[in-house]
Amino acid sequence: MAEERTPNFIEQIIDRDIAEGRWGPAGDSSVIRTRFPPEPNGYLHIGHAKSIWLNFSIARRYGGRCFLRFDDTNPAKEDREYIEAIQEDVRWLGYAWDGPVRYASEYFEWMYELAKELIAKGRAYVCELSAEEVRQMRGTPGEPGKESPWRNRPAEESLDLFERMRAGEFPDGSKTLRAKIDMAHPNLNMRDPVMYRIVRKPHPHVGDRWCVYPMYDWAHGLEDSYERITHSLCTLEFENHRPLYDWFIDAINEGREEKIHHSQQIEFAKLLLTHVLLSKRNLLAMVQEGIVRGWDDPRMHTLRGMRRRGWTPESIRAFCEEVGVTKYNSLIDFGRLENAVREHLNAVAPRRMGVLRPLRVVIENYPEGKVEMMDAVNNPEDPGAGTRKVPFSRELFIERDDFMVDPPKKFFRLRPGGEVRLRYAYWITCTGFEADPQTGEVVLVRCTYDPQTRGGEAPPPAPDGTRRKVKGTLHWVSAPHAIKAEVRLFDRLFRAEQPGKATGDFRDDLNPDSMEVVRAMLEPALGPEPASDEPAWSDGIRRFQLERHGYFCVDPDSTPERMVLNRTVSLKDSWQKAKKQ
RNA sequence: UACCCGAUGGUGUAAUCGGUAGCACGACAGGUUUUGGUCCUGUUGGUCCAGGUUCGAGUCCUGGUCGGGUAGCCA
């Protein structure tokens, strides 16, 4: 309603349908009905998010309905675990389906009766060819296939056989029900496709009630029909299946008193991202080979992984909206997804200070034992987020990268003799440092502070009117108050835009530094107990911006004794970029 | 060598009936800034090719080129 966005090609079709009254009274958009129909055979990933977003946002746009339906037609591959996980992930993304969860398996009886109608009409037959024979007789693109010897058996015989298939009289794979279409059809899907196969496997939803299971092409249009889906949205690889989708519904309706609902299938391009692998096979390989720690590893682009990494549902939805829907197979730069989460988190994430690689600093003219509580802004983008108190004392930690003995040009951080601002605290000047005699590594920096700069304010101008300036502002943590934490710094899992494209093996493109674990020092507000002014997150996960570093969330591995933070994404860093040039 | 689909700056996506090719991201250059973040301003750069129809074509027609999909008793 609110958005002025121009309608995508699917919405344009729907607009026309509504104007013409194709699905109900002309002008009534509330008849629009979509569905998200996952097979419960794996965890949802960012690619599914696009489909979820599309179906649910269309229903919302038109005031229609969107169902969640498990397309559970193949018990050999499906599992209860996924039925639970998928619902959880859809909810996490922020969507509520209309009514109960639907299951294709609950429509099997109806489908079975319709199959018998087709047999009776001579549009389907029981075939006794083996899988291998069917494959060989299908022909190839360019040359026609051969007809099954069972193709023209009497309808009564097929009917009898089909009933006995269901009754469990025949072994797995021994017979199939096939549609009688055209073995010379240029579209391979139309060469007498299999409608039912015999499979004896316990089904995750309906148990052992069935031993014949419908194939996708036969089942899917019927599922849509049963639920009176108006627009059945799917990905481009089903384009060649649409003629069959339509053929089945038309064949059923031919000569039938009571017509069944005929949804319109519309195909769109699935989400393709650089630096990411989403296929079930590759995801599984990464888990099984220990490349990642599991399906919810923060480097994985399963929705579970992204949730643990700190991605927000809001940012994923905004990303889908941003990249849009077309029939063009585009490859989206992963940076777009990172931008989306930065944009959301920049607006709402509370700012905190945390030192990832600590370097000790002593303020030599600051009294020992003195502690001042400094006022720090929680979010400069949101004045309503308020302020907090941060303790300051004589001994601090600053970032190792923020001090250099012999810095390059344009380095505005701390150096011997140099002055910088400590954010919300004081201006300090470096008076010396100590290095490890063995390694040369700096282990301590000595500074003095200017009491006139409390809060980080510039000191009053000198009598001659000149004003002192500092170029750099550093974050810091008071050493005696610091909270020790484990911080996991994640980076892309793959270095190549298209992992595996160069050599054929994605393992060759793995980023060896996709996870770095550091012992960090955090300000007290980052303790195990949420501060009272932290925002309420839709999923209850605590998220922060560590100033000058990036966005982080609290990992479930955290305990009251030890905080564990995950870096969702770093801040943009024009200094890093400048250094590389 | 079959069938289906697609093609607009670096990337993604708009352009009503055929009528000024726009927006976002990136890159680059400035400005603001107590985060080298954010924000603001500016610059850069595009209709796959060849014909045709038309006063006028990204849009319509014809032919090509390039890219994707399709030969599971998977979905």
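A quick note: this is a predicted structure, and the numbers were derived from the prediction, not measured.

## So, the protein's contact with RNA strand B
With respect to spatial proximity, 65 residues lie near RNA strand B, and among them D71, R413, G455, Q545 and R548 are the closest. The share of sugar and phosphate among atoms of RNA strand B within 4 Å of the protein is 64%. In this structure, a phosphate oxygen belonging to RNA strand B sits 2.9 Å away from a main-chain N or O atom of Y216. Here a base oxygen of RNA strand B and a side-chain polar atom of R351 are 2.6 Å apart. Secondary structure elements with two or more residues in the surface near RNA strand B: α5 (131-137), β6 (194-198), β11 (331-332), α12 (334-348) and α13 (574-580). Looking at the surface near RNA strand B, its residues break down into 21 nonpolar, 22 polar and 22 charged.

## A few points about the pattern of salt bridges
Taken as a whole and assessed by the stated rule, the structure comprises 59 salt bridges. For the salt bridge of R123 with E254, the shortest nitrogen-to-oxygen distance reads 2.7 Å. In this pair, R123 is assigned in the loop between α4 (108-120) and β4 (124-127) and E254 in the loop between α8 (242-253) and β9 (264-268), connecting sequence segments 131 residues apart. Note that E128 and R153 form a salt bridge whose closest N and O atoms lie 2.5 Å from each other. Taken together, the residues E128 in the loop between β4 and α5 and R153 in the loop between α5 and α6 (155-167) connect sequence positions 25 residues apart. When salt bridges that share partners are traced, they join D296, R308, E486, R488, D555, D557 and R562 into one network.

## Describing the environment of V276
Considering the arrangement of structural elements, one finds V276 in the loop between β10 (272-273) and α9 (280-288). For the pair formed by V276 and M300, sequence separation is 24 residues and the distance between their alpha carbons is 8.5 Å. Beyond its immediate sequence surroundings of up to four residues, V276 is in contact with H301, F334 and P499.

## With respect to the sheet that holds strand β3 (residues 102-103)
The strand order β1-β2-β3 describes an open sheet built from three strands, whose pairing is parallel. If you trace the sheet from one side to the other, it starts and ends with β1 (33-36) and β3, each paired once. Where β1 lies against strand β2 (residues 65-70), four bridges are found, and the strand directions are parallel. Bridge assignment links R35 to a residue of β2, and that residue is F67. Against the sheet, helix α2 (residues 46-62) makes contact with β1 and β2, and its axis sits at roughly 160 degrees relative to β1, the strand it touches most.

## Re the sheet that holds strand β21 (residues 473-474)
Judged by pairing direction, the sheet is mixed, and its seven strands sit side by side in the order β21-β18-β19-β20-β14-β17-β22 without closing on themselves. Whereas interior strands pair on both sides, the edge strands pair on one side only; in this sheet they are β21 and β22 (477-478). Bridge analysis of strand β17 (residues 395-399) against β22 gives two bridges, and the strand direction is antiparallel. Each residue of the ladder has a partner; that of L396, found in β22, is S478.

## As for unusual backbone geometry
In this structure, D192 is a non-glycine residue whose phi angle is positive, near 45 degrees. Topologically, D192 is positioned in the loop between β5 (176-179) and β6. A positive phi angle is found at R548, which is not glycine, with a value near 70 degrees. Relative to the helices and strands, R548 resides in the loop between β25 (543-546) and β26 (550-554). The class of R548 is partly exposed, set by a relative accessible area of 35%.

## Some words on the pairing of β25
Of the two faces of β25, both are covered, the one formed by R543 and Q545 as well as the one formed by F544 and L546. With two bridges joining them, strand β12 (residues 351-352) and β25 adopt parallel strand pairing. Pairing of R351 across the sheet is with Q545, part of β25. The pairing of β25 with β26 spans four bridges and is antiparallel. Residue pairing across strands places F544 opposite F552, the latter belonging to β26.

## With respect to the domain arrangement of chain A
Structurally, chain A comprises domain 1 (9-268), domain 2 (280-351 + 484-580) and domain 3 (354-475). Domain 2 and domain 3 are separated by 29 Å when their C-alpha centres are compared. For the pair domain 2 and domain 3, the summed buried area comes to about 2,000 Å², and 49% of that belongs to carbon and sulfur atoms. Three residues, M521, R548 and W575, lead the burial of domain 2 against domain 3; their summed loss comes to 33% of the area buried on that side. For R548, the salt bridge goes to D402, with nearest N and O atoms at 2.2 Å. At the junction of domain 2 and domain 3, the tally comes to 14 residue pairs in polar contact (both at pLDDT 80 or more). Top element by residues in the side of domain 2 that touches domain 3 is strand β24 (residues 515-522). It accounts for six residues. Taken together, the residues of the side of domain 2 that touches domain 3 sort by class into 15 nonpolar, two polar and seven charged.

What counts and how
- Residues numbered from 1 in each chain as written.
- Chains lettered and ligands numbered in written order.
- Predicted model: local features only at pLDDT ≥ 70, side-chain atom pairs only at ≥ 80, totals over all residues.
- Heavy atoms only, no water.
- Near = heavy atom within 4 Å.
- Polar contact = N/O pair within 3.5 Å; in protein donor to acceptor, adjacent residues only side chain to side chain.
- Helix = DSSP H or I, 4+ residues; strand = E, 2+ residues; numbered from the N terminus.
- Nonpolar A, V, L, I, M, F, W, Y, C, P; charged D, E, K, R; others polar.
- Salt bridge = Lys/Arg side-chain N within 4 Å of Asp/Glu carboxyl O.
- Contact = heavy atoms within 4.5 Å.
- Pairing = 2+ DSSP bridges.
- Axes fitted to C-alpha atoms, helices over the stretch in contact; angles between N-to-C directions.
- Buried < 20%, exposed > 50% of the residue type's maximum accessible area, 1.4 Å probe, protein only.
- Domains from an automatic or database assignment.
- Buried area = accessible area lost by both parts, 1.4 Å probe.

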